[in-house]
Amino acid sequence: MTEQENVIKVEDMTKVYQMGEIEVHALRGVSFSVRKGEVLAIMGPSGSGKSTLMNMLGCLDAPTSGDYYLEGELVSTLDDDQLALVRNHKIGFVFQTFNLLPRATALANVELPLRYAGIKENRRELAKSALESVGLGDRITHKPNELSGGQQQRVAIARALINEPAIILADEPTGNLDTKSGEEIMNLLLDLNKTKGTTLLLVTHDPDAAAVAERIIHIRDGRIEKEEVRV
Amino acid sequence: MNFLLNIKEALQSLNANKTRSLLTILGIVIGVASVIALLSLGEGAGNSITGEIESIGTNVIYILNGNTNEEVTNPKELTLRDAQVLSSSRRATAIAYVAPVFSRSSEITHSGNSKETAILGSTPDYQFVQNLTMAEGEFISEAQVEGRSAVVVLGPEIATYLLGRNTNIVGNTVRIGGYPYRIVGVTEAKGGSAFNNPDNNVYIPISTAQARLPHDNSIGQVQYILVSAVDAESADLAIQQIREVLRMTHRIPPRNPDDFTILNQQDFLAVAASITNVLTIFLGGIGAISLLVGGIGIMNIMLVSVTERTREIGLRKALGARKKDILLQFLTESVLLSLIGGLIGIALGWAISVVVGQIAVRSGTYLDVAVTMNSVLLGTLFSAAVGIFFGYYPANRAASLEPVEALRYE
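What you see is a predicted model, and the numbers here were worked out from it, not measured in a lab.

Novice: Teacher, can you tell me more about the overall build of chain A here?
Specialist: From N to C terminus, chain A includes 7 helices and 10 strands. Scaling as 2.2 N^0.38, a compact globule of 231 residues should have a C-alpha radius of gyration of about 17 Å, and chain A matches this with 17 Å. Its C-alpha atoms put chain A at 50 × 40 × 40 Å along the principal axes. In chain A, which comprises 231 residues, the proportion classed as buried is 53%. Here the analysis covers contacts within chain A between residues at least 6 apart in sequence; of these, 69% occur between residues at least 24 apart. In chain A, the 26 positive side-chain charges and the 34 negative ones have mean positions that sit 4 Å from each other.

Now the structure itself:
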């Protein structure tokens, strides 16, 4: 396994939060790597450090110590604006609560990362084809409140894909959906992983959702408890 | 970030809270409108005063009692004799006419109509100094001054007020302070303002005024002396000659200060300018306070908005928004609020000053309300500046939010 094939490499990552006088050790030295195109699930009960790890991997927060390489670039030492750039270019977020802008159309929501990327031309067309690729080509002018939960999550996935990121970070993507829509969303994510080769990181506490992953990392008390490789 | 899209997005989010946005805008509207209205009213008042002073004429010189700049020991009052010396002095070559004025407020009545007004006692020269033309009859004559005649010359407006007409009234009698006076002339209408309207003036011989109008001055004293130079160019020379003559008659030793003050149009303009400047600053200041309050309103509402949209900010940051993107987004909103308010405020302020100007004209006060390009520009820039100034703090607060914290915010 060469460095190039590792889209993510985490070395001895720790995170300490200061809560008043108490130091909370959310991560106590986590190391792992993720291959390009892999489907990886990160599992753990609440309070395990799973969310903290996701924030670190999503470049939403900086680790206290340790190195984080994303596509070979050391990102754990970047400043705020550089991190914004990394999030914009390399990471696609899919949240449990969809997190769409309520006043904007599906199209405008999907266009948003392109705007922050400074892309001026063909934004509309790119956003439209992204929506078509998640099966929402006929809903582009709808606002979030005019769409079902499953449809809203599809918009969010289209938004996550628009900048062709290295990884998609899905935080409980099916948590707010009924079983049927949940299955559909999961299939869509796996489908995109197969067709586009986008690395997929699922953060979940639901074993059924994690079951689709090739590899499952179990987190407990800020450490990797075990790694489970599946077929 | 696309600029137009930014504005569109800001308008959408302002539109999402219509009532709130409108109320915030209203604060700015009131602020800008009051700045514009008060500034143009101040400017208008200044223009009126300046116009009036200019109507004095560049060659008219006022000599007043006393010296306001320097301490004078044992000052002498201006007298009729001073005026006589000025007009007869051979050295005073630049002086054309000299009119001493003794004026007192008194009641003038005719057949039940009465008015408390200033009665101007002067000499025949007054007509020439002030360029008065007669609509009918004659101005006060030398003989009437010498004879302390009970005669009066009326301005056309006061004549109409007292007698109901201003033609064919020579020979009629009016009463001033109880004494009967025969009307000998009516001046031509000149127009003027509430401050100084020659059409409302009442003229009597200066000797009659000193004898009959109640006062506690010694005989021969006058309030001021009006002098006209032979032409506008020789006004400065005339001032110099007046000074020389008066210093002689008042026996002022060399290097002692004058015990009188000489003012010409330029001096009055300077005084008026400093007064109207103070007035304009004062009025502008009142307007600025309301604009300040409006700005605080913007800051307040933007802070609420930032708190409400914490999650949105977190999401935008997760999607790659940099600090300055968020800053710009919220600044755009606050500047739009204040600019919209500013534009409406300019229109409203304009309307208010026009209406007030009309009311002033209707009620007889000449007020040239001037909404200048300056005040419009000031209104626009000021409101935009208010938007930036009061929007910056909330916008910066939004931009500085940690993405993790913001996304987790409920």
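Novice: Teacher, can you tell me more about the packing of aromatic side chains here?
Specialist: Each aromatic ring pair is described using two quantities: the centre-to-centre distance and the angle formed by the ring planes. All names here are of chain B. Applying the stated criterion across every chain, the model contains 8 aromatic pairs over all chains. Each ring, one from Tyr-126 and one from Phe-139, has its centre 6.4 Å from the other, and the planes form 5°; the classification is stacked. Here the residue Tyr-126 occupies a position in helix α4 (residues 125-129), and Phe-139 occupies one in the loop between β4 (134-137) and α5 (142-146), the gap between them amounting to 13 residues. When sorted by exposure, Tyr-126 lands in the same class as Phe-139, which is buried. Between Tyr-126 and Tyr-203, the ring centres sit 5.4 Å apart and the planes meet at 50°, which makes this aromatic pair tilted. Placement of the pair is Tyr-126 in helix α4 and Tyr-203 in strand β8 (residues 202-205), with a sequence separation of 77 residues. Residue class for Tyr-126 comes out buried when judged on its relative accessible area of 3%. An aromatic cluster of at least three residues, connected via ring pairs, comprises Tyr-62, Tyr-224 and Phe-268. The ring of Tyr-179 is capped by Arg-212, whose NZ or CZ atom sits 4.6 Å from the centre of that ring.

Novice: Looking at this structure, I do not really get a nonpolar patch on the surface. What am I missing?
Specialist: There is a patch of nonpolar side chains on the surface, built from Met19(A), Ile22(A) and Val24(A) and spanning about 290 Å² of accessible area. Inspection of the secondary structure puts Ile22(A) in strand β2 (residues 22-35).

Novice: In this structure, what is going on with a negative patch on the surface? I would like to understand it.
Specialist: A contiguous patch of negative charge, built from Asp79(A), Asp80(A), Asp81(A), Glu402(B) and Glu405(B), is present on the exposed surface. One can find Asp79(A) in the loop between β5 (73-74) and α2 (80-90). Using a relative accessible area of 43% as the deciding quantity, one classes Asp79(A) as partly exposed.

Novice: Can you walk me through the sheet that holds strand β10 (residues 223-229) of chain A in this structure?
Specialist: Paired through their backbone hydrogen bonds, the strands of a sheet run either parallel or antiparallel. Residues and elements named next belong to chain A. The strand order across the open sheet formed by 6 strands is β6-β7-β8-β3-β9-β10, and the pairing between neighbours is mixed. With partners counted over all chains shown, the strands left at the sheet margins are β6 (91-94) and β10, one partner each. Ignoring strand direction, the axes of neighbouring strands in this sheet form an average angle of 20°. Pairing of strand β3 (residues 39-43) with strand β8 (residues 199-204), which is carried by 5 bridges, proceeds in the parallel orientation. Looking at the pairing, Val-39 lines up with Leu-200 of β8. This element, helix α6 (residues 179-196), spans β3, β7 (167-171) and β8 of the sheet and lies at about 150° to β8.

Novice: When you look at helix α12 (residues 373-399) of chain B in this model, what are you seeing that I'm missing?
Specialist: One turn of the α-helix equals 3.6 residues, which is why residues spaced by three or four share an orientation. Relative to the 39 Å expected for 27 residues at 1.5 Å per residue, α12(B) spans 37 Å between its end C-alpha atoms, a close match to the ideal helical length. The largest bend along α12(B) measures about 45° and falls at Tyr392(B), with the proline Pro394(B) one to four residues further on.

Novice: So what exactly am I meant to see when it comes to the nonpolar core here?
Specialist: Across soluble globular proteins, nonpolar side chains show a tendency to be buried alongside one another. Judged by nonpolar contacts, the single largest core of 70 residues is most densely connected at Ile8(A), Phe32(A), Leu57(A) and Tyr68(A). Not counting residues up to four positions away in its chain, the partners in contact with Phe32(A) are Ile8(A), Lys9(A), Val10(A), Leu40(A), Leu53(A), Leu57(A), Ile217(A) and Ile224(A). If you look at the next biggest cluster of nonpolar residues, it comprises 60 residues, including Tyr62(B), Met134(B), Ile183(B) and Ile242(B).

Novice: Before we go on, may I ask you to explain the side chain of Asn88(A) in this structure?
Specialist: Here Asn88(A) shows up in helix α2. Since its relative accessible area comes to 3%, Asn88(A) is described here as buried. Separated by 2.8 Å, the side chain of Asn88(A) and the backbone oxygen of Leu319(B) make a polar contact. Leaving out residues up to four positions away in the same chain, Asn88(A) has contacts with Pro113(A), Tyr116(A), Ala117(A), Asn163(A), Leu319(B) and Gly320(B).

Novice: What exactly am I supposed to notice about the pairing of strand β5 (residues 151-154) of chain B here?
Specialist: Within a regular strand, the side chains alternate between the two sheet faces. Residues and elements named next belong to chain B. In β5, alternate side chains face the same way, and those of Val-151 and Val-153 on one face and Val-152 and Leu-154 on the other are all buried. Two elements, β5 and strand β7 (residues 179-187), share 4 bridges in a ladder whose sense is parallel. Paired with Val-151 across the strands is Arg-182, a residue of β7. Two strands pair when backbone bridges link them, and β5 and β8 are joined in this way by 2 bridges, in the antiparallel orientation. Bridge pairing in β8 links Leu-154 to Val-202.

Novice: Would you explain the packing of helix α2 (residues 18-54) of chain B against α12(B) in this entry?
Specialist: Packed helices, taken two at a time, are described by the angle their axes make and the gap between the axes. Residue and element names in this part refer to chain B. Orientation of α2 relative to α12, taken along the N-to-C sense of each, is 150°, at an axis distance of 10 Å. Accordingly, the angle class assigned to the pair α2 and α12 is roughly antiparallel. When the axes of α2 and α12 are compared, the crossing they make is right-handed. Along its contact with α2, which presents Ile-28, Val-32, Val-35, Ile-36 and Leu-39, the element α12 presents Ser-375, Val-376, Leu-378, Gly-379, Ser-383 and Val-386. Looking at the contact of α2 with α12 residue by residue, the classes come out as 8 nonpolar, 3 polar and no charged.

Novice: Any chance you could explain the sheet that holds β5(A) here in plain terms?
Specialist: Residue and element names in this part refer to chain A. What the 4 strands build is an open sheet, ordered β2-β1-β4-β5; its pairing is antiparallel. One side of each edge strand has no neighbouring strand; the edge strands of this open sheet are β2 and β5. Strand direction decides the pairing type here: strand β4 (residues 65-70) and β5, joined by 2 bridges, are antiparallel. The residue bridging Leu-70 from the neighbouring strand is Glu-73, located in β5.

Cut-offs applied
Residues numbered from 1 in each chain as written. Chains lettered and ligands numbered in written order. Predicted model: local features only at pLDDT ≥ 70, side-chain atom pairs only at ≥ 80, totals over all residues. Heavy atoms only, no water. Helix = DSSP H or I, 4+ residues; strand = E, 2+ residues; numbered from the N terminus. Rg over C-alpha atoms; globule rule 2.2 N^0.38 Å. Buried < 20%, exposed > 50% of the residue type's maximum accessible area, 1.4 Å probe, protein only. Contact = heavy atoms within 4.5 Å. Lys, Arg positive; Asp, Glu negative; His and termini not counted. Charge placed at Lys NZ, Arg CZ, Asp CG, Glu CD. Phe/Tyr/Trp six-rings, centres within 6.5 Å; stacked < 30°, edge-to-face > 60°. Lys NZ or Arg CZ within 6 Å of the ring centre and 35° of its normal. Patch = residues over 30% accessible without salt bridge, like charges linked within 9 Å, V, L, I, M, F, W, Y side chains within 5 Å. Areas by Shrake-Rupley, 256 points an atom, 1.4 Å probe, with all protein chains shown as cover. Salt bridge = Lys/Arg side-chain N within 4 Å of Asp/Glu carboxyl O. Pairing = 2+ DSSP bridges. Axes fitted to C-alpha atoms, helices over the stretch in contact; angles between N-to-C directions. Expected span 1.5 Å × (residues − 1). Bend = angle between axes of the 7 residues up to and from the residue. Core = buried A, V, L, I, M, F, W, Y, C linked by side-chain atoms within 4.5 Å. Polar contact = N/O pair within 3.5 Å; in protein donor to acceptor, adjacent residues only side chain to side chain. Parallel < 35°, antiparallel > 145°, perpendicular 65-115°, else oblique. Left-handed = near helix turned anticlockwise from the far one by under 90°. Nonpolar A, V, L, I, M, F, W, Y, C, P; charged D, E, K, R; others polar.

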